[in-house]
Amino acid sequence: MALPRHAFFRGRVVPYSEARVGVLTHALNYGTGVFAGIRAYWSAEQQELFVFRPRDHFQRFVESARLLDMTLPESVETLTEALVRLLRAELYREDCYARPLAFYADESIGVRLHNLTPAVSIVAIPYGRYVDNDESIHATISSWRRIDDTMIPPRGKIAGAYVNSAFAKTDAQRAGFDEAIVLNQDGHVSEASAANFFLVKNDSAVTPPVTDNVLEGITRRTVMELLRKELGVPVFERSIDRTEITLADEVFLCGTGVQVAAITRVDHRPIGSGRMGPAVAALRELYFDIVRGRRAGYDHWRHPVYAEAPAPARDGADRASTTS
Ligand SMILES: Cc1ncc(COP(=O)(O)O)c(C=O)c1O
């Protein structure tokens, strides 16, 4: 992966090489950081880079920080402006992914959340697909259970908690699957390693409630609204039994990374017809039209990066983008 040229680090946009921490940094040793993942989509027609729902992502970022007793020096508005400044400095004319991180920066020994000082960084890199086969994912039910709210709060993106996701993902991939579906402590479906879970049955969609230890995904919220308002599909938030997956008509994941991706087999059993179904196909088309600015009525979700300053010209054609 090519490194970015810049970083927003401790309040300023600096060369990436200057955004450094020492090995004693608290968050590096104890996982006491929170992060966000935000996509920006390049529109060649409009010569514009659209950041998708940055304020919602930064709102959750600030709330994730609060879970760790952190009061950030930056507000949601300041963070959004910092991200736009960073993307402009990078001169990106392609799809990218931004990674804000708030971390306890103290270089000291001692497990705790109090008497520590947070710092914030943001970097952005060019980014295409997170999964190659997002129309036909083969998933397994993980033997790992999702972290519980009595252990590490799952509703926020807490860095240390991602060791749980990493176990699930690596074991699934080493066993030949693309992705892991993780159950919660009760044995109900929680989510995938880094994406929220939906199934479709009898023309209704079902997703686990936030109290089933899911991350409160921005894409989850987006998808629920689109299913209800645009596609006329009712959505129910309720606990899901493992065997409901086997009998579902369609299953899909959503998240900033995977975007909207169809699961077509789980543990060698086909879901529905074994191919991406009509609801997921319609949702994907709608989602990509919205994030790329091809559909009116969703300006409130898209934050243009070059609105006030024209997009930079680059030699040659735009670099091909790998997302739909
Ligand atoms: C564990 C987990 N669940 C769900 C999601 C989806 O959240 P969002 O749609 O806000 O990206 C993510 C992040 O991408 C995640 O890390």
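First, a word on scope: everything that follows refers to the structure included in this document. (Residues numbered from 1 in each chain as written. Predicted model: local features only at pLDDT ≥ 70, side-chain atom pairs only at ≥ 80, totals over all residues. Heavy atoms only, no water.)

**Considering the overall build of the chain**
Let me state the cut-off plainly: The secondary structure listing takes helices from DSSP runs of H or I that are at least 4 residues long and strands from runs of E that are at least 2 residues long, numbered from the N terminus. Radius of gyration means the value over C-alpha atoms here, while the globule rule gives 2.2 Å times the residue count to the 0.38 power. Should any heavy atoms of two residues lie within 4.5 Å, those residues are considered in contact. Working definition of accessibility: Shrake-Rupley area with a 1.4 Å probe, residue cover restricted to the visible protein chains. Here the positive residues are Lys and Arg and the negative ones are Asp and Glu; neither His nor the chain ends is included. Charge coordinates come from a single atom per side chain, which is NZ of Lys, CZ of Arg, CG of Asp or CD of Glu.
Along the backbone of the chain there are 7 helices and 17 strands. The globule rule puts the C-alpha radius of gyration for 324 residues at 20 Å, and the 20 Å found for the chain is close to it. When its C-alpha atoms are laid out on the principal axes, the chain stretches across 50 × 50 × 35 Å. Across the chain, every contact between residues at least 6 apart in sequence was considered, and the portion connecting residues at least 24 apart equals 72%. Accessible surface computed for the chain: about 14600 Å², of which carbon and sulfur atoms make up 50%. Across the chain, the 38 positively charged side chains and the 41 negatively charged ones have centroids separated by 2 Å.

**Regarding the site of the ligand**
Keep this limit in mind: Nearness of a residue to a molecule or strand requires only that one of the residue's heavy atoms be within 4 Å of it. Polar contact is the term for a pair of N or O atoms within 3.5 Å; when the atoms are in protein, one must be able to donate a hydrogen and the other to accept it, and sequence-neighboring residues count only if both atoms are side-chain atoms. Of the grid points, spaced at 1 Å and generated over the protein atoms alone, those admitting a 1.4 Å probe that cannot get out make up cavities, while open sets with protein on both sides within 12 Å along at least five of seven lines make up pockets; any residue with an atom within 4 Å of a point is treated as lining. What decides whether a molecule sits in a cavity or pocket is whether more than half of its atoms lie within 2 Å of the grid points.
Around the ligand there are 15 residues in total, and Arg 60, Tyr 162, Glu 191, Thr 219 and Thr 256 lie nearest to it. Arg 60 is positioned with one of its side-chain polar atoms (N or O) 2.6 Å from an oxygen atom of the ligand. Taking Lys 157, its side chain carries an N or O atom lying 3.0 Å from an oxygen atom of the ligand. If the ligand stood free it would expose 380 Å²; the protein chains cover 97% of that surface. If you map the ligand onto the pockets, it falls in the largest pocket.

**Comments concerning the layout of surface pockets**
How we decide: Grid points are joined across faces, edges and corners, and a volume is the space filled by probe spheres set on the points. Each residue gets one label: Ala, Val, Leu, Ile, Met, Phe, Trp, Tyr, Cys and Pro are nonpolar, Asp, Glu, Lys and Arg are charged, and the others, such as Gly, are polar.
By volume, the largest pocket amounts to about 950 Å³. Class assignment for the residues of the lining of the largest pocket results in 26 nonpolar, 13 polar and 7 charged.

**Some points on the pattern of salt bridges**
Close approach of charged atoms lets side chains of opposite charge pair. The cut-off we apply is this: Any Lys or Arg side-chain nitrogen located within 4 Å of an Asp or Glu carboxyl oxygen qualifies as a salt bridge. Relative accessible area decides the class of each residue, using a 1.4 Å probe on protein chains only: under 20% of the type maximum gives buried, over 50% gives exposed, and in between gives partly exposed.
Inspection of the entire model under this criterion finds 16 salt bridges. With its nearest N and O atoms 3.7 Å apart, the salt bridge here joins Glu 90 to Arg 5. Taken together, the positions of Glu 90 in helix H3 (residues 76–90) and Arg 5 in the segment before strand E1 (6–9) put the pair 85 residues apart, joining distant regions of the chain. Given a relative accessible area of 2%, Glu 90 falls into the buried group. Between Glu 225 and Lys 229 there is a salt bridge, with the nearest N and O atoms lying 3.1 Å from each other. Placement of the pair is Glu 225 and Lys 229 together in helix H5 (residues 218–229), with a separation of 4 residues, close to one helical turn. Glu 225 gets classed as partly exposed once you look at its relative accessible area, which sits at 26%. The network of salt bridges with shared partners includes Arg 53, Asp 56 and Arg 221.

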